[in-house]
Amino acid sequence: MAGQSRKWMILVATIWVQAFTGTNFDFSAYSSDLKSVMGISQVQLNYLAVASDFGKAFGWSSGLALMYLPLWTVMFFAAFMGLLGYGIQWLVIRSVVSLPYVVMFLLCLLAGCSICWFNTVCFVLCNRNFPANRALAISLTVSFNGVSAALYALVAKSIDPSSDSLYLFLNAVIPLLTSCAALIPILRQPSVDPLPADAIQHDNVIFLILNFLAVVTGLYLLFLSSYATTQISASILFGGAIFLLVFPFFIPGIVYARNWFKKTIHSSFRLDRSGFILVDDADLELHKELSIREGSTMSLLNGNGSTWGKSEVCCSSVIGRDQLVMLGEEHPAWFLVRRLDFWLYYVAYFCGGTIGLVYSNNLGQIAQSLGHSSQTTTLITLYSSFSFFGRLLSAAPDYIRAKVYFARTGWLAIALIPTPIAFFLLAGSGGAVALHTGTALIGLSSGFIFAAAVSITSELFGPNSVGVNHNILITNIPIGSLLYGLLAAVVYDANMRTSSGIAMTTDSMVCYGRDCYFVTFVWWGCTSLVGFASSILLFLRTRPAYDRFERDRIATLLD
């Protein structure tokens, strides 16, 4: 019982780490001040945002560090990288020190790398302590990364609402304090033993409770943060948020209510098997065995082993060529980059979730250009909260599979739909309602993609290779950050020079008017449609493998 209690303490500690280390989401809160103090153009500011995202390309270094160092050491390395990267930037923006642009670029790179190291620590903790419920543990903890900006906004308002540079100081200090708070649970990790069926059911109920508390936390931050108009009210609201983050520590006490939950909820959601590929390794191995046997039989019957070779659909050559035969097959890196499914997945992520991240980086300048600079903090909180809800929704397939079964790649395609709608809405109107609605839709869509991507990578290309393969996938983030951000910056600077709606700040110019981002929104909307089309093709190509896996799972339950 003590071991089971400790693993839930580790999960809560992981939630804390994720909740306070999403420091890249508040870049837009201080980007305008950073641009003014350094006297740089919008293009140069974009390169600093790219540097932060490019730090994620070095995520593999955290896995290498884990091969030689204890987990808690890697966590503190991440904290000190953030302390150095953000701390020195804070000194620059406060005019305490003056550094060349290249050094600032490297500091942003270091800060971005620290986020990736924190994420790796959290993934490892979930994998080690919840082998039977990896998907649920990862989706829940990653979801809290989306509320970081909302939490930091409350902290900043409670200390000094007028100082945007305060965000950099908080980015430097809070992750280190959070690492200290999470240290004891991480050091007391229990031994992981195989769980009996009733224990897995018990865990599923607790995950359901935790997801409910997560929804309450998100709604609290979304609807009540607007009331943080004074330092006192912001402090009270932040205290309430901390209570909601600490409350799951009492989850062992909720265990005694499991019989009630079984009677009222368990029968509706069928929680005995709550995931696709990440739930039960035994299911996966049996699925592989049955798939190989079925593939051999089809080879004898058809002579080529393909069930799609005679498709009469016009795009059958794209859909049927080199399809995945089964889920969970391990793909080494050299094999991964040769799969069409991987590149369809890469394009869907690149043209979907990555655009949402770039949009959040530019949110400060977007609000400023449309005349809503006073709403920047509210918009950051809105994006953060809806990103959080999108991440939580990524776990929906695991809970409703008994009622509505749908391949996770199909859910990915559905999640991409709000993005082009949002960008075309923003292009069509520069009003406050359109800005808030578009920001919410983009946050919801990108949050779902960020959280679901880990599970999809594991299901399509193998759970044992997910660390390397997922880091290859997210190389699209710095590439997208560079290209999409550069497009936005070039359009911004061009309109700043040609339109009369410009204003001088201390050392740089600011563009005002809808034209500053109109072309950018149109291009981003069209690009996200390409991502949606790619996700549809990915769904059509992987649906047979998902259906085969589900048939095998049901067959084992009936035996």
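Residues numbered from 1 in each chain as written. Predicted model: local features only at pLDDT ≥ 70, side-chain atom pairs only at ≥ 80, totals over all residues. Heavy atoms only, no water.

Looking at this structure, how should I read the pattern of salt bridges?
Proximity of charged atoms lets side chains of opposite charge pair with each other. Within this structure, the stated rule accounts for three salt bridges. Between R408 and E459 there is a salt bridge whose closest N-O contact spans 2.8 Å. Of this pair, R408 sits in helix α22 (residues 408-416) while E459 sits in helix α24 (residues 432-461), placing them 51 residues apart in sequence. Its relative accessible area of 0% is what places E459 among the buried residues. (Salt bridge = Lys/Arg side-chain N within 4 Å of Asp/Glu carboxyl O. Helix = DSSP H or I, 4+ residues; strand = E, 2+ residues; numbered from the N terminus. Buried < 20%, exposed > 50% of the residue type's maximum accessible area, 1.4 Å probe, protein only.)

When you look at the confidence of the model for the chain in this model, what are you seeing that I'm missing?
Do not read the fine detail of predicted coordinates wherever pLDDT is low. Scored by pLDDT, the chain has a mean of 79; 81% of the residues are at 70 or more. Mean pLDDT across the elements of the chain bottoms out in helix α14 (residues 281-302) (46) and peaks in helix α23 (residues 418-428) (94). Under a pLDDT of 50 for its full length, residues 269-282 has, in the predicted model, 53 contacts with residues more than four places off or in other chains. Across residues 500-507, confidence stays below pLDDT 50; counting only partners more than four residues off in sequence or on other chains, it has 17 contacts. (pLDDT = per-residue confidence, 0-100. Contact = heavy atoms within 4.5 Å.)

What am I meant to see in the packing of helix α8 (residues 148-159) against helix α11 (residues 231-246) here?
Between two packed helices, the angle of one axis relative to the other and the distance separating the axes together describe the packing. Between α8 and α11, the least distance of the axes is 7 Å, while the angle of their chain directions is 145 degrees. As α8 packs across α11, the resulting crossing turns out to be left-handed. Facing L151, L154, V155, K157, S158 and I159 of α8, the residues of α11 in contact are Q231, A234, S235, L237, F238, A241 and L245. (Axes fitted to C-alpha atoms, helices over the stretch in contact; angles between N-to-C directions. Left-handed = near helix turned anticlockwise from the far one by under 90°.)

Is there a simple way to think about unusual backbone geometry in this case?
Most of the time, phi is negative for any residue but glycine, and the peptide bond is trans. With a phi angle near 65 degrees, S95 is a residue other than glycine that sits in the positive phi range. When you line up the elements, S95 lands in the loop between α5 (71-93) and α6 (101-129).

Can you walk me through the side chain of D26 in this structure?
Tracing the backbone through its elements, the reader meets D26 in the loop between α1 (2-19) and α2 (27-38). Look at D26 and you get buried, because its relative accessible area is 1%. A polar contact is formed between the side chain of D26 and the side chain of N171, at a distance of 3.1 Å. When neighbours within four sequence positions are excluded, D26 is seen to be in contact with Y152, Y167 and N171. (Polar contact = N/O pair within 3.5 Å; in protein donor to acceptor, adjacent residues only side chain to side chain.)

Just checking my understanding: could you explain the packing of aromatic side chains for this structure?
In this description, a pair of aromatic rings is defined by centroid distance and the angle of the planes. Scanning the model with the defined rule gives 25 aromatic pairs in all. Relative to F207, the ring of W8 lies with its centre 5.2 Å away and its plane at 65 degrees, an arrangement referred to as edge-to-face. With W8 in helix α1 and F207 in helix α10 (residues 197-224), the pair connects residues that are 199 residues apart, well separated along the chain. Between F342 and F461, the ring centres sit 6.0 Å apart and the planes meet at 75 degrees, which makes this aromatic pair edge-to-face. Here F461 lies in helix α24 and F342 lies in helix α17 (residues 340-350), a separation of 119 residues in the sequence. A relative accessible area of 1% means that F461 is categorised as buried. These aromatic residues form a ring-pair network of at least three members: Y359, F423, Y492, Y517, F521 and W524. (Phe/Tyr/Trp six-rings, centres within 6.5 Å; stacked < 30°, edge-to-face > 60°.)

Whenever I open this one, the nonpolar core confuses me. Can you help?
Considering soluble globular proteins, one finds that nonpolar side chains tend to be buried as a cluster. The biggest cluster of nonpolar side chains holds 131 residues, and the ones touching the most others in it are L140, F144, F207, Y359, F521 and W524. With 13 residues, the single largest contributor to this core is α24. Not counting chain neighbours up to four residues away, the residues in contact with F144 comprise I15, Q18, A19, A214, T217, L245 and F388. In this structure, V17, F76, F118 and L176 belong to the second largest nonpolar core, which totals 21 residues. (Core = buried A, V, L, I, M, F, W, Y, C linked by side-chain atoms within 4.5 Å.)

Explain the packing of α22 against α24 here, please?
Where α22 contacts α24, the axes come no closer than 10 Å and their chain directions differ by 160 degrees. By the angle between their directions, the pair α22 and α24 is classed as roughly antiparallel. Once α22 is placed against α24, the crossing between them reads as left-handed. Contacts between α22 and α24 involve R408, T409, W411, L412, A415 and L416 from the former and S445, F448, I449, A452, S455, I456, E459 and L460 from the latter. For the contact of α22 with α24, the per-class residue count stands at nine nonpolar, three polar and two charged. (Parallel < 35°, antiparallel > 145°, perpendicular 65-115°, else oblique. Nonpolar A, V, L, I, M, F, W, Y, C, P; charged D, E, K, R; others polar.)

Just to check I follow, could you spell out the environment of C113 for this structure?
Position of C113 relative to the elements: it lies in helix α6. When its relative accessible area of 10% is taken as the criterion, C113 is described as buried. Distance in space between the C-alpha atoms of C113 and F54 is 7.8 Å, their sequence separation being 59 residues. Setting aside residues up to four positions removed in sequence, C113 forms contacts with G55, F58, S61 and M81.

What is the right way to read helix α18 (residues 353-361) from this model?
Three- or four-residue spacings in an α-helix give side chains the same orientation, since the helix completes a turn every 3.6 residues. Burial analysis of α18 places nine of its nine residues in the buried class, which makes it a mostly covered element. All of the buried residues in α18 are G353, T354, I355, G356, L357, V358, Y359, S360 and N361.

Where do I start with a nonpolar patch on the surface in this structure?
On the surface, a cluster of nonpolar side chains totalling about 860 Å² of accessible area is made up of F54, F58, W60, L64, M67, Y68, L69 and F77. Assignment of secondary structure puts Y68 in the loop between α4 (60-66) and α5. (Patch = residues over 30% accessible without salt bridge, like charges linked within 9 Å, V, L, I, M, F, W, Y side chains within 5 Å. Areas by Shrake-Rupley, 256 points an atom, 1.4 Å probe, with all protein chains shown as cover.)

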